[in-house]
Amino acid sequence: RLPSTGTFERYLAACERIRADRPPRTRENRPFWTLAGGFYVDYLGDWLEAFEDRLRVVFAEHVAENPEEEVAELCKWLDIDDRGVAHFDYAVENRTVMFRSRTLQRLALALNSERLLRQQRWLKRPLRRIYYAVNRAPREERMDPEIRRRLEETYAKANRELAAQLHRRGYERLPAWLEAGVSHGRR
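Residues numbered from 1 in each chain as written. Predicted model: local features only at pLDDT ≥ 70, side-chain atom pairs only at ≥ 80, totals over all residues. Heavy atoms only, no water.

## Digging into helix 9 (residues 145–168)
Here is the rule: For helices the rule is a DSSP run of H or I covering at least 4 residues; for strands it is a run of E covering at least 2, with both sets numbered from the N terminus onward. Expected helix span is computed as 1.5 Å times (number of residues minus one). Take the seven residues that end at a residue and the seven that start at it, fit an axis to each, and the angle between those axes is the bend at that residue. Relative accessibility decides the category of a residue: with a 1.4 Å probe and only protein chains considered, values under 20% of the type maximum give buried, values over 50% give exposed, and everything between is partly exposed. Here, two residues are considered to be in contact whenever any of their heavy atoms come within 4.5 Å of each other. Contacts described as polar in this section are N or O atom pairs within 3.5 Å, which, within protein, must combine one atom able to donate a hydrogen with one able to accept it, while residues neighboring in sequence count only if both atoms come from side chains.
A rise of 1.5 Å per residue sets the reference length of helix 9, with its 24 residues, at 34 Å; its end C-alpha atoms lie 33 Å apart and thus fit the reference within 8%. At Ala-156, helix 9 shows its largest kink, close to 45°. Among the residues of helix 9, Ile-147, Leu-151, Tyr-155, Ala-158, Asn-159, Leu-162, Ala-163, Gln-165, Leu-166 and His-167 are the ones counted as buried. Buried-residue contacts for helix 9 involve helix 1 (8–21), helix 2 (34–37), helix 3 (41–51) and helix 10 (176–179). N-capping of helix 9 is provided by Asp-144, with a side-chain oxygen placed 2.8 Å from the backbone N of Glu-146.

Shown next as structure tokens:
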């Protein structure tokens, strides 16, 4: 749903212009807010201040690595019974993957919308595995290393500030992207 800007580099440049110029948010420039949305330090502090200990920051990376442990920790934090979390189904049901054949992908989406597959996980899971085996495109890193470096530099200062802010609030376990470049002598 992104506008056609030609290349990722041009898209990134448009996002940088939107962030620098700070125009009013409109439907037309909405697709270019993504860069600005990654500066969590710009708005997380207000949430932490407003809700204090009633707000918990949970990182998607930690949930993906060990969902049962993260859900159990949230239950404990919320002071609710965590015994049931071991029985939850943590299977990823809506994974985004690149596909080889658009036709096969559309067919899979059409089948998925039918009640048969939505309600019958025992049938859906093996069919999904077959679909991925047949239609998943090889995963490859396509970002130019120079663009990756530029993005890392763009977010570096804000991520250091965010990491320090979270550490001050007692968060010790941060994801690697947030710990990168943070001095460990800060505490």
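## Some details on unusual backbone geometry
In this structure, Arg-22 is a non-glycine residue whose phi angle is positive, near 45°. Tracing the sequence through the fold places Arg-22 in the loop between helix 1 and helix 2.

## Considerations on the pattern of salt bridges
Formally: When a carboxyl oxygen of Asp or Glu is within 4 Å of a side-chain nitrogen of Lys or Arg, the pair counts as a salt bridge.
Using the criterion set out here, one finds 11 salt bridges in the structure. Measuring nitrogen to oxygen at the nearest pair gives 3.7 Å for the salt bridge that ties Glu-9 to Arg-150. Remark: Arg-150 occurs in helix 9 and Glu-9 occurs in helix 1; sequence separation between them is 141 residues. A salt bridge links Glu-153 to Arg-149, with the nearest nitrogen and oxygen atoms 2.3 Å apart. Residue Glu-153 and its partner Arg-149 are both found in helix 9; the two are separated by four residues, about one turn of the helix. The class of Arg-149 is partly exposed, set by a relative accessible area of 35%.

## Description of the side chain of Asn-159
Relative to the elements of secondary structure, Asn-159 occurs in helix 9. Not counting chain neighbours up to four residues away, the residues in contact with Asn-159 comprise Trp-177 and Leu-178.

## Focus on the packing of helix 1 against helix 9
Our working rule: Axis angles are defined between N-to-C directions and span 0 to 180 degrees, where every axis is a line fitted to C-alpha atoms and, for a helix, only to the segment in contact. Throughout, the term roughly parallel applies to angles under 35 degrees, roughly antiparallel to angles over 145, roughly perpendicular to angles from 65 to 115, and oblique to all others. Crossings are assigned a handedness: left-handed for a near helix turned anticlockwise from the far helix by less than a right angle, right-handed for a clockwise turn. Note on residue classes: Ala, Val, Leu, Ile, Met, Phe, Trp, Tyr, Cys and Pro are nonpolar, Asp, Glu, Lys and Arg are charged, and everything else, Gly too, is polar.
Running from amino to carboxyl end, helix 1 crosses helix 9 at an angle of 20°, the nearest separation of the two axes being 12 Å. By the angle class used here, helix 1 and helix 9 are roughly parallel. Viewed along their axes, helix 1 and helix 9 form a crossing whose handedness is left-handed. Listed contacts from helix 9 to Phe-8, Glu-9, Leu-12, Ala-13 and Glu-16 of helix 1 are Ile-147, Arg-150, Leu-151 and Thr-154. A class-by-class count of the residues in the contact of helix 1 with helix 9 yields five nonpolar, one polar and three charged.

## A short note on the nonpolar core
Short version of the rule: Within this scheme, the nonpolar core is defined by two criteria: the residues are buried Ala, Val, Leu, Ile, Met, Phe, Trp, Tyr or Cys, and they are joined through side-chain atoms within 4.5 Å.
Leu-35, Val-57, Leu-166, Leu-174 and Leu-178 are the most contacted members of the largest nonpolar core, which has 24 residues in total. Mapped by element, the contributors of at least two residues to this core are helix 1, helix 3 and helix 9. For this core, the leading source of residues is helix 9, giving seven residues. Setting aside residues up to four positions removed in sequence, Leu-35 forms contacts with Leu-12, Cys-15, Glu-16, Leu-151, Thr-154 and Tyr-155.

## Some details on a negative patch on the surface
Note the threshold: Each patch is assembled from residues with relative accessible area greater than 30% and no salt bridge, linking like charges that lie within 9 Å and nonpolar side chains (Val, Leu, Ile, Met, Phe, Trp, Tyr) that lie within 5 Å. Throughout, the Shrake-Rupley method with a 1.4 Å probe supplies accessible areas, and for residues the shown protein chains are the sole cover considered. Only four residue types enter the charge count, namely Lys and Arg as positive and Asp and Glu as negative; His and the chain termini do not. For charged residues, the charge sits on one atom: NZ in Lys, CZ in Arg, CG in Asp, CD in Glu.
Together, Asp-46, Glu-49, Glu-52 and Asp-53 make up a negatively charged patch on the protein surface. Inspection of the secondary structure puts Glu-49 in helix 3. The exposure class assigned to Glu-49 is exposed, which follows from its relative accessible area of 57%.

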